[in-house]
Amino acid sequence: MSRTRYAVLMVALAFPLTPDIANADTLAATPEDEAKVNNTATSMKDLMREAGLSSSTDSLGEGTLMMDMKVAQLDTSEIRPDGGITPPTLAGDFAQGGLIIGETMPGSTVMLDDMTLDVDAEGRFIFGFDRDHPETAVLRITYPDGTILAPQTLNVEPRDFKIERIDGLPDNKVNQFTPEEEQKIVRGIELKKAARENMQKQADWTSGFEWPVRGRISGVFGSQRILNGVPRRFHSGVDVAVPTGTDLRAPADGIVTLAEDDMYFEGGLVFIDHGQGLESALLHMSRVDVQAGQRVQKGDVIGAVGATGRATGPHVHWSLKWRDRLLDAQLVVPEMSND
Ligand SMILES: [Zn+2]
């Protein structure tokens, strides 16, 4: 156990995760434009910091952003005298579980591998890397006038995840269900599916993120749980253990898409749609104060922490999902301090 506990930290130490600006060849031919790339990267970082999005990136490092310039499909004659060709700015954790926020020319088409991303009226977009993401991804951008930027290869830092064994759970919470329990589980799956059918395009995530509650972190993202000796899905969120009844707050702006107080596994459960495919789920709540369809702002009380559903003690489980990819929520908030 103790050997795996610090695996993430060891990864961070093993790789000097500063932005690979030296390799950040640019789309443009001139040194001035190259400088512009570095500047925009820096200012995006500042924006992230202002939005409270980046303070945890230092703990895992910023990863490597490599703009692959070997593809010379961009005719320099298309570069407008006003410097109209500017590469996108990207910031976040270029690591498994990381969330990336980006900005490009409004009206652009942005593709991550084979996925078309949502781009808002100001050119902002997000994407994420799941726990088992391969070591690279490719970003392709087409400007509204049809200009195709050279694809950027993004390096995604692999991480080691820990193994957790939890014994002594009641068997019916692990693998044996009565017909009534099965019905409840199926109903829960349907409710969650319905909640995700009409997610919003508005980029509410620009509010930045804050911890839904502060306290002891009792479980981290990505760990493989072995419950009563049976290997389960990896842990999809971060757990913060605080007493039942403690106020639970919206981690960012968004629209509540699900508010249920008695899900079989999750107990009291709230989904918040932060826009562009990004969703928070808050589990095991003892009290749910919001309703589906309600708009919430970062910091609003949405209910209270509890131990409902499959929980061994009072805590909140907070998971972050972009499309079908589970991300590490802990990477988007400041380091936990208990003040
Ligand atoms: Zn959890």
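Residues numbered from 1 in each chain as written. Predicted model: local features only at pLDDT ≥ 70, side-chain atom pairs only at ≥ 80, totals over all residues.

Engineer: An account of the overall build of the chain is needed here, citing residue identities and associated values.
Structural biologist: Looking only at helices and strands, the chain features 5 helices and 21 strands. For the chain, the proportion of its 339 residues judged to be buried stands at 39%. Taking contacts inside the chain between residues at least 6 apart in sequence as the whole, the part at least 24 apart equals 70%. (Helix = DSSP H or I, 4+ residues; strand = E, 2+ residues; numbered from the N terminus. Buried ≥ 20, exposed ≤ 12 C-beta atoms within 10 Å, placed from the backbone. Contact = placed C-beta atoms within 7 Å.)

Engineer: Describe in detail the sheet that holds strand E4 (residues 115–116), supporting the description with residues and values.
Structural biologist: In spatial order, the strands read E4-E3-E6-E7; together these 4 strands make up an open sheet with antiparallel pairing. The sheet is open, and its two borders are formed by E4 and strand E7 (152–155), each paired with just one other strand. (Pairing = 2+ DSSP bridges.)

Engineer: Please set out the environment of Leu154 residue by residue, giving values where relevant.
Structural biologist: Along the polypeptide, Leu154 turns up in strand E7. Residue Leu154 is classed as buried on the basis of its C-beta count, with 23 C-beta atoms lying within 10 Å. Between the alpha carbons of Leu154 and Leu112 there is a distance of 9.9 Å; along the sequence they are 42 residues apart.

Engineer: Pulling in residues and values, what's your account of the nonpolar core?
Structural biologist: If you look at the biggest cluster of nonpolar residues, it comprises 61 residues, and the most contacted ones within it are Ile100, Ile126, Val270, Leu282 and Met285. Each of domain 1 (2–155) and domain 2 (163–332) contributes no fewer than three residues to this core. Apart from residues no more than four positions distant in its own chain, Val270 is found in contact with Val256, Leu258, Ala259, Leu282, Met285, Val288, Val290, Ile302 and Gly303. (Core = buried A, V, L, I, M, F, W, Y, C linked by C-beta atoms within 7 Å. Domains from an automatic or database assignment.)

Engineer: Summarise the sheet that holds strand E17 (residues 287–288); cite the residues concerned and give the values.
Structural biologist: One open sheet holds the 3 strands; their spatial order is E13-E19-E17, and the pairing between them is antiparallel. With partners counted over all chains shown, the strands left at the sheet margins are strand E13 (247–249) and E17, one partner each. By the bridge criterion, 2 bridges tie E17 to strand E19 (residues 301–304) in an arrangement that is antiparallel. Bridge pairing links Arg287 to Ala304 in E19.

Engineer: Give a detailed account of the pairing of strand E2 (residues 99–103), specifying residues and quantitative values.
Structural biologist: Burial analysis of E2 places 5 of its 5 residues in the buried class, which makes it a mostly covered element. Neither face of E2 is open: one carries Leu99, Ile101 and Glu103, the other Ile100 and Gly102, and all of them are buried. Relative to E2, strand E1 (residues 89–92) is paired through 4 bridges, and the arrangement is antiparallel. Across the sheet, residue Leu90 finds its bridge partner in E2, namely Gly102. Hairpin connection of E1 to E2: 6 residues between the antiparallel strands, including Gly97 at a positive phi of 85 degrees. The pairing of E2 with strand E5 (residues 124–128) spans 5 bridges and is antiparallel. Bridge pairing in E5 links Glu103 to Arg124.

Engineer: Describe the pairing of strand E20 (residues 316–322), naming the residues involved and giving the relevant values.
Structural biologist: With 7 of 7 residues buried, E20 is to be regarded as a mostly interior element. Of the two faces of E20, the one holding Val316, Trp318, Leu320 and Trp322 and the one holding His317, Ser319 and Lys321 are both buried throughout. In the sheet, strand E12 (residues 237–241) pairs with E20 via 4 bridges, with the strands oriented antiparallel. Bridged to Val238 within E20 is Trp318. Across 3 bridges, the pairing between E20 and strand E21 (residues 325–327) is antiparallel.

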